[in-house]
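# Residue-level structural notes
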Amino acid sequence: MQNYSDFKPLKRLFETFDWLPISEILGKTRFSSRGRKNDFSNLNLFKAFVLKSYLLIDDNTVLVKRFHESKQYREFCSFQKIPSHDTLSRFERKFSNRFIKIFEFLDDLLEKNGAFENDDMSFDGTDIPVLVKNKQPPHHYHFGAKSSRKKFHGFWLMILSSVKHQIPRRFLVGYAREGQINLAKELFNQGQVDESKNNILIIMDGIFDFREMHEMIISIQHKIPLIAYNQRRSGIPERIDLPSIDWHFKINPVYKNNDFVFEEFKKRTSIERVNSHSKMYTQICLIQNKIKKSQTIKKTTVENIIVFSFILEQFKLLEKIQAKQAQQTITTYAH
C-alpha cells in the first residue's frame, strides 16, 4: 500500500473519529426509487474517496479493483459489499459541492485543537497545466498567463496555507484565463479564515501588491498583509524608499520596519513547499493522466481531486495531534 507506514495510524483515527458532523454535511442515505435501501452510506463512500487519494488512484474502476484485492481497504471504508464504479462516480458527482464544506469543517476542527496556535499563513497560486492533444484545438477559456507572462493551458490552484504545518487552510480552483488576482480576491472575500489573535500575518508574493488586496486582508481577514513589493508599479526600486505619504505606509505601518518585513517574509518559502508537494506528491499529479483519456477535464473533477488530497493531509495532522494528546495523557498518569 502507498506509504504503508501512514496507513495504520490513519486507520486508527478513522476508527475513533466522531463522524457525526461529516455525516450531517453529507446528509442521510436515501432510499432508491424502487423502495430498497442503498447498500452504501454517504459516509462510507466518502471514506472510499479519502482512500482513493491515499492510494494515488485516478480512476474509480481501479479503486473497485483494489477493494476486491484487499480486505483491509474494505474494512477501512466499513464496506460489507464492494461498490461499483457507477456507484462511486455517481456519489462523486452528486456530492462534489459538499466536499469543500467538509474540508472547511476539518480546518475548524484543527484550529479548535490548537494546531494553528502562533501560526501565520502564506498564500500563492500554482499553475496546473493540462496537456493539449495533437490536432485537437484546446478550449480557449483554459488559456492564461503566469506572472512571467508565459502562457499555459489549464487551471490555477490558489492556496492559503499554514506556515507552521504547511497544510492548506483554504484553496480555490479556477480556469487559467481567470488569473491569479481575480481568484485571490474571490478567495479572501469569502470570509475570515483564521480567528486567532496570535496569528497576525498573511504573506504573499509581489503580484498581489496593490491597495485593494491590502485593504481586503485587513478588513475581511483581520490580518496584517505582508506582501512583496512590486517595483514595476511605482518605478522606485525598494519600498522603504517610497515617500512617507505613500499608501503602503498609511495602510500598513509595519512596512516602515524594513528589517522585520525582510525577516518575516522568509516564511513565504512555506507556500512554495506546499505548492510543490501539491503538484508532485498528491493526487493532483494524476490530473495529467486523466487528460490523456479525454480531450479536456472538467473543473469539478480537478476540484474533487484536490479537495480529497487536502482532506487526507488534514486527517494525517489530526492523527498526529491525537497521538500527541494520548502520549501526554500517558506521561501525566505515569508521574
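Residues numbered from 1 in each chain as written. Predicted model: local features only at pLDDT ≥ 70, side-chain atom pairs only at ≥ 80, totals over all residues. Heavy atoms only, no water.

### What to know about the overall build of the chain
Put simply, the rule is: A helix here means a DSSP run of H or I that spans at least four residues, while a strand means a run of E at least two residues long, and both kinds are numbered starting from the N terminus. We call a residue buried when its accessible area falls under 20% of the maximum for its residue type, exposed when it is over 50%, and partly exposed in between, using a 1.4 Å probe and counting protein chains only. Note on areas: Shrake-Rupley with a 1.4 Å probe; residue coverage comes only from the protein chains shown.
Scanning the chain for helices and strands turns up 14 helices and 6 strands. Among the 335 residues that make up the chain, the fraction classed as buried is 47%. In the structure as shown, the chain presents an accessible area of about 17700 Å², 49% of it carried by carbon and sulfur atoms.

### Quick look at the confidence of the model for the chain
Definition in use: Here pLDDT means the predictor's own confidence in every residue, given as a number from 0 to 100.
Mean pLDDT for the chain: 86, with 85% of residues reaching 70 or above. The least confident element of the chain, judged by mean pLDDT, is helix H13 (residues 287-291) at 64; the most confident is helix H9 (residues 211-221) at 97.

### As for helix H3 (residues 42-54)
Rules: A helix is expected to reach a length of 1.5 Å times the quantity of its residues less one.
Across its 13 residues, H3 extends 19 Å between first and last C-alpha, which sits within 8% of the 18 Å expected from 1.5 Å per residue. Directly beyond the C-terminal end of H3, a positive phi value near 55° is found at Leu 56.

### Side note on the packing of H3 against helix H6 (residues 85-94)
Heads up, the condition is: Orientation is described by lines fitted to C-alpha atoms, with helices fitted over the stretch in contact, and by angles between N-to-C directions that extend from 0 to 180 degrees. Oblique is the label for any angle not under 35 degrees, not over 145, and not in the 65 to 115 range, which are roughly parallel, roughly antiparallel and roughly perpendicular in turn. By definition, residues are in contact when any of their heavy atoms lie within 4.5 Å.
At their nearest, the axes of H3 and H6 sit 10 Å apart, and the two run at 95° to each other. Regarding the angle of H3 to H6, the classification is roughly perpendicular. Together, Asn 42, Leu 45, Phe 46, Ala 48, Phe 49 and Lys 52 of H3 and Thr 87, Leu 88, Phe 91 and Glu 92 of H6 make up the contact between the two elements.

### Side note on the environment of Phe 265
Within the secondary structure layout, Phe 265 lies in the loop between helix H11 (258-264) and helix H12 (269-280). We classify Phe 265 as partly exposed; its relative accessible area is 22%. A sequence separation of 37 residues divides Phe 265 from Ala 228, and the C-alpha atoms of the two residues are 7.8 Å apart. Leaving out residues up to four positions away in the same chain, Phe 265 has contacts with Ile 203, Met 204, Leu 226, Ile 227 and Ala 228.

### Regarding the nonpolar core
Put simply, the rule reads: For the purposes of this section, nonpolar cores are sets of buried Ala, Val, Leu, Ile, Met, Phe, Trp, Tyr and Cys residues that join through side-chain atoms within 4.5 Å.
In terms of nonpolar packing, the biggest core is built from 61 residues, with Ile 22, Phe 46, Ile 311 and Phe 315 touching the most fellow members. Here the element with the most residues in this core is helix H14 (residues 299-334); it accounts for 12 residues. In terms of nonpolar packing, the next biggest core, distinct from the first, is built from 30 residues, Met 121, Phe 123, Phe 152 and Trp 156 among them.

### Details of the packing of aromatic side chains
The criterion, for reference: Put simply, two rings from Phe, Tyr or Trp (the six-membered ring, in Trp's case) pair if the centres are within 6.5 Å, and we call them stacked under 30 degrees between planes, edge-to-face over 60, tilted for the rest. Two conditions define a charge located above a ring, namely a distance within 6 Å from the ring centre to NZ of Lys or CZ of Arg, and an angle within 35 degrees of the ring normal.
Tallying each qualifying case throughout the model produces 24 aromatic pairs. Their ring planes at 80° and their centres at 5.2 Å tell us that Phe 67 and Phe 79 sit as a pair that is edge-to-face. Here Phe 67 is found in helix H4 (residues 60-69), whereas its partner Phe 79 is found in the loop between helix H5 (71-76) and H6, with 12 residues between them in sequence. Per residue, the accessibility class of Phe 67 equals that of Phe 79, and both read buried. Taken together through their ring pairs, the aromatic side chains of Phe 7, Phe 14, Phe 17, Trp 19, Tyr 54, Tyr 73, Phe 76 and Phe 315 make up a single cluster. If you follow Arg 169 out to its NZ or CZ, it ends over the ring of Phe 116, 3.8 Å from the centre. Stacked on the ring of Tyr 255, the Lys or Arg Arg 239 has its end atom at 3.7 Å from the ring centre.

### Focus: the packing of helix H8 (residues 180-188) against H9
What counts is decided by this rule: Each crossing gets its hand from how the near helix is turned against the far one by less than a right angle, where anticlockwise is left-handed and clockwise is right-handed. Here the term charged refers only to Asp, Glu, Lys and Arg, the term nonpolar to Ala, Val, Leu, Ile, Met, Phe, Trp, Tyr, Cys and Pro, and the term polar to all other amino acids, Gly among them.
Across the interface, H8 lies against H9 with an axial gap of 10 Å and an inter-helix angle of 15°. One element, H8, and the other, H9, form an angle in the roughly parallel class. Once H8 is placed against H9, the crossing between them reads as left-handed. Residue-level inspection shows Ala 184, Lys 185 and Phe 188 of H8 in contact with H9, the latter providing Glu 212, Met 213, Met 216, Ile 217, Ile 220 and Gln 221. In the contact of H8 with H9, the residues fall into 6 nonpolar, 1 polar and 2 charged.

### Looking at a positive patch on the surface
Note the following rule: Candidates for patches are residues over 30% relative accessible area with no salt bridge; among them, like charges are joined within 9 Å and nonpolar side chains (Val, Leu, Ile, Met, Phe, Trp, Tyr) within 5 Å. Salt bridges are defined as contacts in which a side-chain nitrogen from Lys or Arg sits within 4 Å of a carboxyl oxygen from Asp or Glu. Counting rule applied: Lys, Arg positive; Asp, Glu negative; His and chain ends not counted. Taken as the charge location is NZ of Lys, CZ of Arg, CG of Asp or CD of Glu.
On the surface, a cluster of positive charge is made up of Arg 90, Arg 93, Lys 94 and Lys 298. Following the sequence through the fold, Lys 94 ends up in helix H6. The exposed category is assigned to Lys 94, whose relative accessible area is 53%.

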